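Take a look at the letters that make up each chain.
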Amino acid sequence: MGVLIFFLKTYMVFLMLVLLLYIIRHYTFTLNRAFGKQRLYYQDILDEDLPTVSVLVPMHNEEKVARHILDLLVASDYPKEKLEIIPINDHSTDRTKEILEEYAQKYPFIKPLHRYGDLPRGKQNGLNDALKIAKGEVIIVYDADYLPPKGQIRTLAIAFKDPQVGAVMGRVVPINAEKNLLTRLLDIERSGGYQVDQQARYNLNLIPQYGGTVGGFRKSTVIELGGFDSRILAEDTELTYKMYLNGYKVAYANIAECYEEAPEDWNVRARQLRRWSRGHNQVMFKYFIPTILSKKLNLWQKIDGLLLLAIYMQPFLIFLGLLDSLLLFFLGEMEITSSYLFLLFMFAHNSFGNFAPFFEIGTALVLDGSKEKVFLLPLMFLEFIFNIIYASLGFFDALIDLITKRTVSWQKTERFRNA
Amino acid sequence: MKSMASKQAYSKIFEVEKPVIGYARFGRVLKFNKYLFMLQLTLLVVVFEFLVIFFLEDYFKALSDITRKILEGSYTASYKFLSFKLEYSIPHGRLPTLQESFIYLLVSSLSLLFLISRFNPLSKYISAWLIYIAFVYFVSSFYFVFFLDSFPYTERDFAVLYILQQTGVFLFIPILLALSLSLFTFSWLNLLLNAITIALSLMYSSVFGGLRYIVFAYTLKSFSYIHMPAMFFLFGPLIDFIYIVSFYSLCLYMTIKLLQRRQEAFYQWGF
Amino acid sequence: MPKVILLIALFFILLFLLPFVPSLIELFLKRDAKPISVDPERKKEPDYFGKSFMYLLSTALKDLKIQEVEKYNSVYLKLKLNREEWVGFLNDENLAENTLDTPVVFTKDTVFLQNHTFKRELVVFGNAVFKNTCIARSLYVQGNCIIEAPVRIARWVHVEGTLITKSNADLGVSVYTREMKIRGWTTFKRAYAKKIDTSDDPLIDKKNVEGTINLQGNFSITGNISIGGKDRPVFVDGDLFCDGDVQIEGDVWIKGNVFSQKSITLKNGVVIGREGKVKSVVAKGEILIKGPFRIYGYIHSEKRVEVNP
């Protein structure tokens, strides 16, 4: 019993330290983004020699949104002779195929890729196939529900003039923020995640994350690095680590703001969160040790890289912490070795919750010029257990993937927009 | 030169569309006064921690007196924490009967099954919280059904743990709020606003914590120890976190309202 | 349950719910529910300011059914630009007033012989020559613009023809012109022109040189970089990206862009870009240009560009 209690207490101390580390990380990011030197993105470079770009839009049953994104891409100010748009129709059973064909007829630079039959489903598989036919030096990816502004392709593509840039990421803004509680919470979380977190990581030369949409990568580099692993759901996170481990970097374009459609339904959000957690944790299992051993990363990049890798494991660690503390309670060890530690336990306990702490989101909202949105911060409490459950389930999925080496199937996020 | 009179001749107003100039939100940086930041951080933490430490014994003494008056059969004891002698009063608690525990076990198990079943019509975030509540009660009642005699706590232990928790909250509020609010250094008004916010949070916490203690002590006396885990894991520090964040958001709103009128006093440009 | 306990329990529940009240009010009233505004038309345009102002002005005039403003004598019109305001249409360059509070439009070629302060936009439909000290918020010139006396512009300058600065000039945030000849000390934050130069002498791109050092490809540098073309001319056929300071001096021709997260110094003969192609020099810190220099395209500094020909 003594050994068990020692083990349980040690875990609590470990958890507190881990959470403390995350708090310090986020506080540093907040300070840096609010007051620090901001790293310049490449948006101000005017250059007539632009790279050729292939815009990939993965689509599975996207009849509700397909026209919107295609119209906006057609209206882009990027020189059409240097642009091709490849909507990837991945086993759609609705009218997506007809819509794409209609646009292909009208615009010669729209070249849909239809994937049916035995071809394996999934974004990563679609991207791999599209890479084989894409002619652009630079690949820009948008999910089908995104609404890119006129000059955004240029803003994203110009970063690849810098030979060290392997991938680029823009900022995601939910267009349906005002719909309901969930979309409002996602709106403020995204604000914290991009306006503060991503920009601070870019400023500090750490590891800004390529997010798989409103972003892009250098085609030759990705092909050289072996394309996307079909067994990994988070192809974006994987690409981020592949880039950094091979000496490239990800540029973050805070100016490249793009509307997306956030999930309006908690069931859809639960599936999305579980899938993200699964994918992210798959990447963690694959890249944790290579990140530690890498000779291309400096110490701070390694620390940030590891904390970023473990971010979707954090809810699972908290879940274990809750079980642990319940056990300790019934074993009569609620005080956890001493009163001082209990205070520390509480400190950690109070900091539980979301991926971006409240002060990070608060600061992001001030930077964004929001006002009454700040009142929503206490409601993030409602997501606390929800996040723990679905991110932990995702962690288990990734663990099973790791053990069984099973193939993964992609689940699309449901769209809510009226066609 | 034309006089004002000639201006009147062409006084017709013509509307044209206002050009949309997207402001450079992406490049904003907050104005930062590092001296005010350091001053706020130090002053707010030192002053309020001092106040907490100064009033800690008195607070628990007052709470003890009130509890003794309200809850019949309370006895008074004290707990030595560092150099503080913290007094508390608490009535005797009771263990749940086997029948009670069994009912709780049944209800919590059935609730859990229902909540994770496909027939659950509730929204997932509500279900998640209910699952957590049911789970805590499931573990608690399971324990009391099978290990009733081994329950390691008495009401005295509860009181001590509660005192520690509440002390932790008091000590924690100035640190957390000072760290997150000192970031705003637009004027001396920030110091005032932040100080008011921390003072209000502490006042709120002392009233809320006191009421919570009395309700919990009464619950242990009248409804048994089966609720004790819920007191720590559901209504413990997690709940304190909500009003701390609420006060933070209130202060942030006031900061924005008071200072965003003059944007140049608020933002500078990072790039 | 005793009444007092019931009361305390109710009060406890009330206090538990109270922190959610502002959140719930916001959730239902939706005072700030809209997402941050993203302009679907957003794109990078170096002539944005001048173009936007002239669009406002020309639309207002079109609505007034004035096709040719030149036909009118000096007059003030009340127009709604960003807000309702008087706009002076003048053709008298011997302007008596020193300070003008309204936007002013000169309807023909204008030589500014006296010193003036234009607190709002100054527009010249024709050529403009500044022969005395002038201050303006913004300047639009339809023809060529020659600055022969100290001029300070706070916001933007848009010259459809050639802009020549022969005297000290502070050109504000944004300059857009067809060609820019800097012959006096000049400062600004951004400038775009097909050609910006500080000297009429042939520089390295127009000279026959031998023994050059040729660097091919794009470069990304983590620290500072210094390129000197004093002994042998240097050709860089690509872009230069640098995290630190960039110092380029002498006969150096960078055919691509130069980008720095710190400052850039370009001295005595540096050429950026090539004729007919737009290239950029972009720095987060200061850009200092000294001696003969030429760029085909765009100079942009978040702090200040200082040119000392």
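None of the values given here were measured: they were computed from a predicted structure.

What counts and how
- Residues numbered from 1 in each chain as written.
- Chains lettered and ligands numbered in written order.
- Predicted model: local features only at pLDDT ≥ 70, side-chain atom pairs only at ≥ 80, totals over all residues.
- Heavy atoms only, no water.
- Contact = heavy atoms within 4.5 Å.
- Buried area = accessible area lost by both parts, 1.4 Å probe.
- Salt bridge = Lys/Arg side-chain N within 4 Å of Asp/Glu carboxyl O.
- Polar contact = N/O pair within 3.5 Å; in protein donor to acceptor, adjacent residues only side chain to side chain.
- Helix = DSSP H or I, 4+ residues; strand = E, 2+ residues; numbered from the N terminus.
- Nonpolar A, V, L, I, M, F, W, Y, C, P; charged D, E, K, R; others polar.
- Axes fitted to C-alpha atoms, helices over the stretch in contact; angles between N-to-C directions.
- Parallel < 35°, antiparallel > 145°, perpendicular 65-115°, else oblique.
- Left-handed = near helix turned anticlockwise from the far one by under 90°.
- Buried < 20%, exposed > 50% of the residue type's maximum accessible area, 1.4 Å probe, protein only.
- Pairing = 2+ DSSP bridges.
- Patch = residues over 30% accessible without salt bridge, like charges linked within 9 Å, V, L, I, M, F, W, Y side chains within 5 Å.
- Areas by Shrake-Rupley, 256 points an atom, 1.4 Å probe, with all protein chains shown as cover.
- Arc of directions from axis to C-beta.
- Domains from an automatic or database assignment.
- Right-handed = clockwise from strand over helix to strand, strands pointing away.
- Expected span 1.5 Å × (residues − 1).

### Considerations on the interface of chain A and chain C
Now for step 1: Every contact between the two is made by 45 residues of chain A and, on the other side, 45 residues of chain C.
Now for step 2: Both faces considered, chain A and chain C share a buried interface measuring about 4200 Å² in area, 57% of it formed by carbon and sulfur atoms.
Now for step 3: Where chain A packs against chain C, one counts 10 salt bridges.
Now for step 4: K44(C) is the partner of D44(A) in a salt bridge, and the nearest nitrogen-oxygen pair spans 2.8 Å.
Now for step 5: Along the contact surface separating chain A from chain C lie 28 residue pairs in polar contact (both at pLDDT 80 or more).
Now for step 6: Breaking the side of chain A that touches chain C down by element, the ones donating at least two residues are strand 5 (165-174), helix 6 (181-203) and strand 7 (249-260) of chain A.
Now for step 7: Ranked by residue count, the leading element in the side of chain A that touches chain C is strand 7 of chain A, at four residues.
Now for step 8: Classifying every residue of the side of chain A that touches chain C gives 20 nonpolar, five polar and 20 charged.

### Quick look at the packing of helix 2 (residues 34-70) of chain B against helix 5 (residues 155-181) of chain B
All names here are of chain B.
Now for step 1: At their nearest, the axes of helix 2 and helix 5 sit 8 Å apart, and the two run at 165° to each other. Between helix 2 and helix 5, the crossing angle belongs to the class labelled roughly antiparallel. Considering the relative orientation of helix 2 and helix 5, their crossing is right-handed. Taking contact as the criterion, the partners of L41, L44, V45, F48, E49, V52, I53, L56, Y59 and F60 in helix 2 are, on helix 5, I163, Q166, T167, F170, L171, P174, I175, A178 and L179.

### Some points on the pairing of strand 25 (residues 293-308) of chain C
Residues and elements named next belong to chain C.
Now for step 1: Burial runs high along strand 25: 13 of the 16 residues are buried.
Now for step 2: Examined bridge by bridge, strand 14 (residues 186-197) and strand 25 share nine bridges and lie antiparallel to one another. Opposite F188, over in strand 25, you have V305 as the bridge partner.
Now for step 3: Where strand 23 (residues 279-283) and strand 25 come together, five bridges link them in parallel fashion. Looking at the pairing, K279 lines up with G297 of strand 25.
Now for step 4: The sheet contact formed by strand 24 (residues 287-290) and strand 25 spans four bridges and is parallel. Each residue of the ladder has a partner; that of K290, found in strand 25, is N308.

### Considerations on the sheet that holds strand 7 of chain A
Residue and element names in this part refer to chain A.
Now for step 1: With mixed pairing, the seven strands of this open sheet are ordered in space as 3-2-1-4-6-5-7. Lying at the two open borders of the sheet, with one neighbouring strand each, are strand 3 (113-115) and strand 7. The mean angle between the axes of side-by-side strands here comes to 20°, regardless of whether they run parallel or antiparallel.
Now for step 2: The pairing of strand 4 (residues 138-141) with strand 6 (residues 215-218) spans four bridges and is classified as antiparallel.

### Considering a nonpolar patch on the surface
Residues and elements named next belong to chain B.
Now for step 1: Where nonpolar side chains cluster on the molecular surface, the patch consists of L39, L43, V47, F50, L51, F54, F55 and W188 and spans about 810 Å² of accessible area.
Now for step 2: Considering every element that reaches the nonpolar patch, the biggest residue donor is helix 2, with seven residues.
Now for step 3: The class of L51 is partly exposed, set by a relative accessible area of 34%.

### So, helix 2 (residues 21-29) of chain C
All names here are of chain C.
Now for step 1: Considered for burial, the residues of helix 2 that qualify are S23, E26 and L27. Here the buried residues of helix 2 occupy an arc of 100° about the axis, which is enough to place them on one side. Opposite the buried face of helix 2, at more than 90 degrees from it, the exposed residues are F28 and L29.
Now for step 2: Once helix 2 finishes, K30 follows within two positions and takes phi at roughly 50°, a positive value.

### Brief notes about the domain arrangement of chain C
Residues and elements named next belong to chain C.
Now for step 1: One can read the domain layout of chain C as domain 1 (48-194) and domain 2 (204-308).
Now for step 2: The C-alpha-based centres of domain 1 and domain 2 are spaced at 32 Å.
Now for step 3: Contacts between the two partners involve 12 residues from domain 1, matched on the other side by 15 residues from domain 2.
Now for step 4: In total, about 1200 Å² of surface goes out of reach between domain 1 and domain 2, with carbon and sulfur atoms giving 48% of it.
Now for step 5: Counting the contacts that link domain 1 with domain 2 gives zero salt bridges.

### A word on the pairing of strand 2 (residues 83-90) of chain A
Two faces belong to every sheet, and in a regular strand the side chains alternate between them.
Residue and element names in this part refer to chain A.
Now for step 1: The buried count for strand 2 comes to eight of eight residues, which makes it a mostly enclosed element.
Now for step 2: Here strand 2 shows no split at all, with L83, I85, P87 and N89 on one side and E84, I86, I88 and D90 on the other all buried.
Now for step 3: When strand 1 (residues 53-59) meets strand 2, the two strands line up parallel, connected through seven bridges. Bridge pairing in strand 2 places M59 opposite N89.
Now for step 4: Since strand 1 and strand 2 lie parallel, the crossover through helix 2 (residues 66-74) that links them has a hand, and here it is right-handed.
Now for step 5: Bridge count between strand 2 and strand 3: three bridges; the pairing is parallel.

### Here's the deal with the environment of L182(A)
Now for step 1: On the secondary structure map, L182(A) appears in helix 6.
Now for step 2: Between the alpha carbons of L182(A) and L17(A) there is a distance of 31 Å; along the sequence they are 165 residues apart.

### Digging into helix 11 (residues 314-330) of chain A
An α-helical turn contains 3.6 residues, so a residue and the one three or four places further along point in the same direction.
Residues and elements named next belong to chain A.
Now for step 1: Between its terminal C-alpha atoms helix 11 stretches 24 Å, which fits the 24 Å expected from 17 residues at 1.5 Å a residue.
Now for step 2: Burial analysis of helix 11 places 13 of its 17 residues in the buried class, which makes it a mostly covered element.
Now for step 3: Directly after helix 11, the chain includes G332, whose backbone phi takes a positive value near 80°.

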